[in-house]
Amino acid sequence: MKTWKTVALIGFIAGLSALNYYGFKKLDPAGEEALPPQIGVENDIREIVAIMQTQTPSYEGSSAAGSYLSGRFAQRHHDWTTANRYMGYVIEKDQGDSALLKRAMVLAMGAGQYDQAISLAGEITNGDEPNDTLAQMFLIAGSFKKQDYENAKAHIGAMPQGGLSDFIIPLLKSWSDAAVGVYNTRDLRGNSIHLYHGILIAEYMDKTDALESMLVSAVNEGIVTPEDAERIADIYMHIGENDRALELYSRAYEMDPENSALMRKVEAAKNGEQSNLFIRVTSPEEGVAEAFYDMARLLAQEYSDESARVFARVALYLNNDLTRARFLLADIASRNDRSEDAVTMYQSVKPTDEAFLRARRRAADILHEQGGSREAIAELESLANEYKDIDALIQIGDIYRLDENFKEAIKAYNRAEKELGTIGSEHWHLYYVRGMSYEQNGQWDKAEKDLLAALSLQPDHPYVLNYLGYAWTDQGKNLEQSLEMIKRAVELRPGDGYITDSLGWVYYRMGRYAEAVPHLEMAVELMPYDPVINDHLGDAYWRVGRTLEAEFQWKRAMNNAQDESLIPAIEDKIINGMSEAAATSPTTAKPKDNNDGRDKAAMNHTP
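Residues numbered from 1 in each chain as written. Predicted model: local features only at pLDDT ≥ 70, side-chain atom pairs only at ≥ 80, totals over all residues. Heavy atoms only, no water.

The next subject is the confidence of the model for the protein. In low-pLDDT segments, the atomic positions of the prediction should not be examined closely. Per-chain confidence: the protein averages 82 in pLDDT, with 82% of residues scoring 70 or above. Predicted confidence is poor over residues 1-18, with pLDDT under 50, and the contacts of this stretch with residues over four places away or in other chains come to 38 contacts. (pLDDT = per-residue confidence, 0-100. Contact = heavy atoms within 4.5 Å.)

The next point concerns the packing of helix 7 (residues 114-126) against helix 8 (residues 133-145). Packing of helix 7 against helix 8 brings their axes to within 8 Å, and their N-to-C directions diverge by 130°. What the angle tells us is that helix 7 and helix 8 run oblique. Helix-helix and strand crossings are classified by hand; for helix 7 and helix 8 the assignment is left-handed. Of the residues in helix 8, those in contact with A117, I118, A121, G122, I124 and T125 of helix 7 are A135, Q136, F138, L139 and G142. Per-class residue counts for the contact of helix 7 with helix 8 are seven nonpolar, four polar and no charged. (Axes fitted to C-alpha atoms, helices over the stretch in contact; angles between N-to-C directions. Helix = DSSP H or I, 4+ residues; strand = E, 2+ residues; numbered from the N terminus. Parallel < 35°, antiparallel > 145°, perpendicular 65-115°, else oblique. Left-handed = near helix turned anticlockwise from the far one by under 90°. Nonpolar A, V, L, I, M, F, W, Y, C, P; charged D, E, K, R; others polar.)

This next bit is on the packing of helix 6 (residues 98-110) against helix 8. Interaxial distance between helix 6 and helix 8 falls to 10 Å at its minimum, and their mutual angle equals 40°. Considering the angle they form, helix 6 stands oblique to helix 8. As for how helix 6 packs across helix 8, the hand of that crossing is left-handed. Listed contacts from helix 8 to M105, V106 and M109 of helix 6 are L134, A135 and F138. A class-by-class count of the residues in the contact of helix 6 with helix 8 yields six nonpolar, no polar and no charged.

It is worth spelling out unusual backbone geometry at this point. Positive phi outside glycine occurs at D206, with the angle close to 60°. Position of D206 among the secondary structure elements: in the loop between helix 11 (192-204) and helix 12 (208-222). What makes D206 exposed here is its relative accessible area of 60%. (Buried < 20%, exposed > 50% of the residue type's maximum accessible area, 1.4 Å probe, protein only.)

The subject of this paragraph is the pattern of salt bridges. Considering all chains together, one arrives at 33 salt bridges under this definition. The closest approach of N and O atoms between E241 and R244, which form a salt bridge, is 3.4 Å. When its relative accessible area of 25% is taken as the criterion, E241 is described as partly exposed. The exposure class assigned to R244 is partly exposed, which follows from its relative accessible area of 40%. (Salt bridge = Lys/Arg side-chain N within 4 Å of Asp/Glu carboxyl O.)

With that out of the way, let us pick up the packing of aromatic side chains. One pass over the full model with this rule turns up eleven aromatic pairs. A network of ring pairs unites the aromatic residues W428, Y432 and Y467 as a single cluster. Against the face of Y317 rests K145, its NZ or CZ located 5.4 Å from the ring centre. Positioned above the aromatic ring of Y196 is the side chain of R231, whose terminal nitrogen or guanidinium carbon lies 3.7 Å from the ring centre. (Phe/Tyr/Trp six-rings, centres within 6.5 Å; stacked < 30°, edge-to-face > 60°. Lys NZ or Arg CZ within 6 Å of the ring centre and 35° of its normal.)

Attention now moves to the nonpolar core. Among the nonpolar cores identified, the biggest contains 181 residues, and I168, F292 and Y432 are the most heavily contacted of them. The greatest single-element share of this core, amounting to ten residues, is contributed by helix 16 (residues 284-301). Setting aside residues no more than four positions away along its own chain, F292 makes contact with M137, L172, F311, V314, A315 and L318. (Core = buried A, V, L, I, M, F, W, Y, C linked by side-chain atoms within 4.5 Å.)

The next thing to look at is the side chain of N336. Of note, N336 is situated in the loop between helix 18 (323-335) and helix 19 (339-347). A distance of 2.8 Å separates polar atoms of two side chains, one belonging to N336 and the other to D305. Within the structure, N336 has its side chain in polar contact with the backbone oxygen of I332 (distance 2.8 Å). Residues in contact with N336, not counting those within four places in the same chain, are H78 and D305. (Polar contact = N/O pair within 3.5 Å; in protein donor to acceptor, adjacent residues only side chain to side chain.)

Look at helix 31 (residues 547-560): 20 Å from first C-alpha to last across 14 residues, which is about the 20 Å you get at 1.5 Å a residue. Where helix 31 is concerned, the buried positions are A550, Q553, W554 and A557. Projection of helix 31 onto a plane perpendicular to its axis shows the buried side chains occupying an angular sector of 100°, all on one side. In helix 31, those exposed residues whose orientation departs by more than 90 degrees from the buried face are L548 and N559. Looking at the buried positions of helix 31, the neighbouring elements they touch are helix 29 (513-526), helix 30 (531-543) and helix 32 (567-576). (Expected span 1.5 Å × (residues − 1). Arc of directions from axis to C-beta.)

Spelled out as structure tokens, the structure:
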């Protein structure tokens, strides 16, 4: 496989953070954010303190510095709506300062106040900085929104070269040319994103020969991530070339075996099904929206969340039906502890959208993570009852299982099975999660049956291989088979500490202690605070004569044990060491449920 062409992307991500350029991360030597010099900081901070001491119900807008500092506090906590409101007070009191206008422009766009952001962009370019990159970018978006493509071209021409511009200008130029009937993708060869947009433009303009040529180029030069492969495969499915689609879906699934959505696409391609997975771009503004979404996605992958938020908002401004941008905004809000914002964004997806059910299930996920199990289950019950959503029933079971209410989890999973009639490959994970619940509930015969059924449908799934292999290992049965299963799981997930521990543990239970040690040491490196993994390593050290190190690992295990039932056995080993009998009956834990039971990668996969 050729190396991904990343020159433009690296420059974009490393050289940008666009918002850093606008002062969002500018720190003074003391580590505090520097305030614009024109704001009288000392006097206004005293004013803020005085106002707070009088307990005035509202002091919004009382001073420029007070509003500025309040806005910065809100923005640091990812409350962009409040930050934008406070910045509005600053602008009212200190009009004309370009640094403040830039910050206000970015906050307005990030808060979804599109007209305000574009108006401020106009003020900036009509003032001292006519070639400001981000302001011009917002004005370009505004021109595309109005379908004023000649004006868009003029703003593109005003953008300076370097940094962000090197990545975005080729995309904007090619889409602006397509808008006026000119096919021009000669500059879209530098990386997978540019190639993908070249394909979108060729498809939009019905350039069949060029489309096929660019698809080949994308496969040969641009496929590195599962999403790259999946997007190109969707287009192959769209034009009826299922064999090529199957090759790419399979490649993506090999890189991302937890993605059940990809698995369904593999099956569809195998069965020769026609697909509507690829959604055509029907206008230049939709194409530019895709370009801004791709920028946001790349930045989010690098955890540049502030920049990602802004560009996702631009994408949504240009195409309000771009659900992937809504998912991305919700994901950003969720990982920055803005759960209510995330739920609101997921719930804004329309019932007519194909991603509607997925969005509502994600909203339920967040409600559960915030301790609202009852609210989450109510949300899912409404989906199950109103839309006959089987996945919602399975998710109800997952919530009960994660809350360790295994009896209710099993009831929910059984209800899902009853609705399905037959559990097929699409819902293989129902066997897996119900099998885990049976095992945790002490019903091993039923657990084993379900786990074997899951394995028959997904023979190379690392979590199924690990869970069943670990369970057999703890029971001292099928050790050779368990060893081969867990070895395969490690091949598939070499960086997973739980699975690496399982490999060491099966060697230990087979009496191959010296072989167990390096795997258990690696597991501790990967999961340094897990008490069971540290306990396992201590046991292995003891068996190979490294008694001082064994005692150290047992102490670490005891210090990190949240399950108090583990402590007495570990404490006994610290005091008395391990007898021959204890060495064959070590402290163990239930098999590791090292994902949340559902397919996390699939849940996080954008529609």
